[in-house]
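One-letter residues, chain by chain:
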Amino acid sequence: MKDYVVGQVRDIIRGGHSVFARKIKRILMIILKSPSYVMAVPIVLALRIIRPWLIVRLGGLISSRIGHFAGNTELHLCEYDGGVNRPERRHIDIFYFATWPICNQQLAKMWKRTLRVWPAWILAPIARINQLIPGGAVHEACNTLNDRDVHNLLDEISPHLDFTAQEEAKGQANLQLMGIPLGSPFVCLTARDSAYLESHIKGADFRYHNYRDVDVQNYVLAAEELASRGYYVLRMGSKVHASINSDHPMVIDYATNGMRSDFMDIYLGANCTFCISCGTGFDAIPILFRRPVAFVNHVPIGLLVTCQKNTLAITKHHVSKIDGRELSLREILNSDVGLAYLSSDYESKDIRLIENTPEEICDLVIEMDERLNGTWQSHEDDELLQQKFWKIFPVDAIDVYEGVSLHGEIRSHFGASFLQNNRWWLE
């Protein structure tokens, strides 16, 4: 026991005198700012001492952004169930909500039923001190790949959240209040704009994300086509800039009709037949509950969701500002914008992003509907076009910030009509 403690101290010191000095300085500065950090130091040392018998891991959940709150957390649990990043020795995982404000109180409530969640004021100082003292990685509970399911676990492992009987009854009652009869199929439609982040996280500048924004009016054709096929279509959103312009009684602007709530956001995402998204936070909810997703206007293209079989996608058009010519898939990737995360990345490459047309969006949702109900009729060369697309696609891409793989086994499909109508794009 004595040798173990001495060894821990020795490992810290051997981290290098300059590095050690910097870390000690940072620890002292943090301690001086808050008494809670004073208590955290002996607790962290105690965690190191008991590690041979019990590994205590702390996990900070990204609770201010719904995509990460749902996606990262669910993938951590899938990895745990799949034996990935799971200690072989006896261990206990304790979580806390690490970022504020909480993006969805219903999701927070459901995670508390599933995970061991303690107050942030207790765990955050301990987690911070643990990170500053060398050798603390073993005490961190997190998934290894953020929200990228490179192990294809979502198709293999059941969801970790469910609704209570009371919540189920509440959800059904609210559907009827919205005019959706019991048992009627419905589709969630989410079209990203900047309104939510501007209102949710005050003072932050999110213009670097503007390249992902879309015009919800381009989705009207698809929404009304689905309505003609018997679906109710619910336009989702906590805060939006504009209502969807449709008079069809089965197209419901849930984002603006006064019936939106944290609870129904989760309930609708969990129970929709499928979701239409552009790759934004809300689609993590249907993915969490293993609902199919049709992605349109998805950028960057290198971040397509490829891990699940019931996933379709098309990307925005990339047009050169220099000569007005649309770029092929190879040219997009060779221009280093296949994994461009910032609006400025596209601007610096003189590339303008053009949204998918209403017809392209409609074609993709029809394909999703027909694939799900078993009526999809493939063209004779659809499979060849899929093979050509995935041969060019960067399946071995690495995240430039995290240094981790972005794709595992490819199970999704790129939009068949898009490829049929843009054969040149694969040349």
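Provided above is the structure to which this section pertains.
Residues numbered from 1 in each chain as written. Predicted model: local features only at pLDDT ≥ 70, side-chain atom pairs only at ≥ 80, totals over all residues. Heavy atoms only, no water.

Regular strands show a simple pattern: their side chains alternate between the two faces of the sheet. Neither face of strand S4 (residues 232-235) is open: one carries Tyr232 and Leu234, the other Val233 and Arg235, and all of them are buried. Note that strand S3 (residues 186-189) and S4 share 4 bridges and pair parallel. Its bridge partner being in S4, Val187 is matched across the sheet by Val233. (Buried < 20%, exposed > 50% of the residue type's maximum accessible area, 1.4 Å probe, protein only. Helix = DSSP H or I, 4+ residues; strand = E, 2+ residues; numbered from the N terminus. Pairing = 2+ DSSP bridges.)

Moving on: the packing of helix H3 (residues 35-49) against helix H6 (residues 120-132). One way to put it is that H3 packs onto H6 with a least axis distance of 8 Å and a crossing angle of 60 degrees. If you check the angle between H3 and H6, you find them oblique. Both H3 and H6 take part in a crossing whose hand is right-handed. For the pair formed by H3 and H6, the contact residues are Ser36, Tyr37, Ala40, Val41, Ile43, Val44, Leu47 and Arg48 on the first element and Pro125, Ile126, Arg128, Ile129 and Asn130 on the second. (Axes fitted to C-alpha atoms, helices over the stretch in contact; angles between N-to-C directions. Parallel < 35°, antiparallel > 145°, perpendicular 65-115°, else oblique. Left-handed = near helix turned anticlockwise from the far one by under 90°. Contact = heavy atoms within 4.5 Å.)

For the structure on display, the rule yields 18 salt bridges. One salt bridge connects Asp93 with Arg57, and the closest N-O pair in it is separated by 2.8 Å. Highlighted residues: Asp93 in strand S2 (residues 91-97) and Arg57 in strand S1 (residues 55-61), separated in sequence by 36 residues. One exposure class covers both Asp93 and Arg57, and it is buried. As a salt-bridge pair, Glu225 and Arg229 come within 2.7 Å of each other at their nearest N and O atoms. If you follow the salt bridges from partner to partner, you end up with Asp155, Glu156, Glu409 and Arg411 in one network. (Salt bridge = Lys/Arg side-chain N within 4 Å of Asp/Glu carboxyl O.)

Attention now moves to the sheet that holds strand S6 (residues 274-277). If you walk across this open sheet you meet the 7 strands as S5-S4-S3-S6-S7-S8-S11, and the pairing is parallel. Only two strands of the sheet have a single neighbouring strand rather than two, namely strand S5 (251-252) and strand S11 (413-414). In this structure, S3 lies alongside S6, joined through 3 bridges in parallel fashion. Within the sheet, the bridge partner assigned to Cys188 lies in S6 and is Cys275.

Before going further, it helps to spend a moment on the environment of Leu75. In this structure, Leu75 sits in helix H4 (residues 66-81). Judged by its relative accessible area of 4%, Leu75 falls in the buried class. Along the primary structure Leu75 and Leu288 are separated by 213 residues, whereas in three dimensions their C-alpha atoms are 8.6 Å apart. Discounting chain neighbours no more than four positions away, the residues touching Leu75 are Asn143, Asn146, Asp147, Arg148, Asp149 and Leu154.

Now for the packing of aromatic side chains. What the rule picks out here adds up to 16 aromatic pairs. Geometrically, the ring pair formed by Phe263 and Tyr267 is stacked, given 5.8 Å between the ring centres and 20 degrees between the ring planes. In this pair, Phe263 and Tyr267 are both assigned in helix H10 (residues 262-271), 4 residues apart and thus about one turn of the helix distant. Comparing Phe263 with Tyr267 shows no difference in burial state: the two are buried. (Phe/Tyr/Trp six-rings, centres within 6.5 Å; stacked < 30°, edge-to-face > 60°.)

Here helix H7 (residues 165-177) contains 13 residues, and its C-alpha end-to-end distance of 19 Å stays within 8% of the 18 Å for a straight helix at 1.5 Å per residue. Looking at H7, one finds that the buried residues are Glu167, Gly171, Asn174 and Leu175. One face of H7 carries all of its buried residues, which in axial projection span an arc of 105 degrees. Looking at H7, the residues exposed on the side facing more than 90 degrees away from the buried face are Ala165, Gln166 and Leu177. In this structure, the buried residues of H7 make contact with helix H5 (105-114), S3 and H10. (Expected span 1.5 Å × (residues − 1). Arc of directions from axis to C-beta.)

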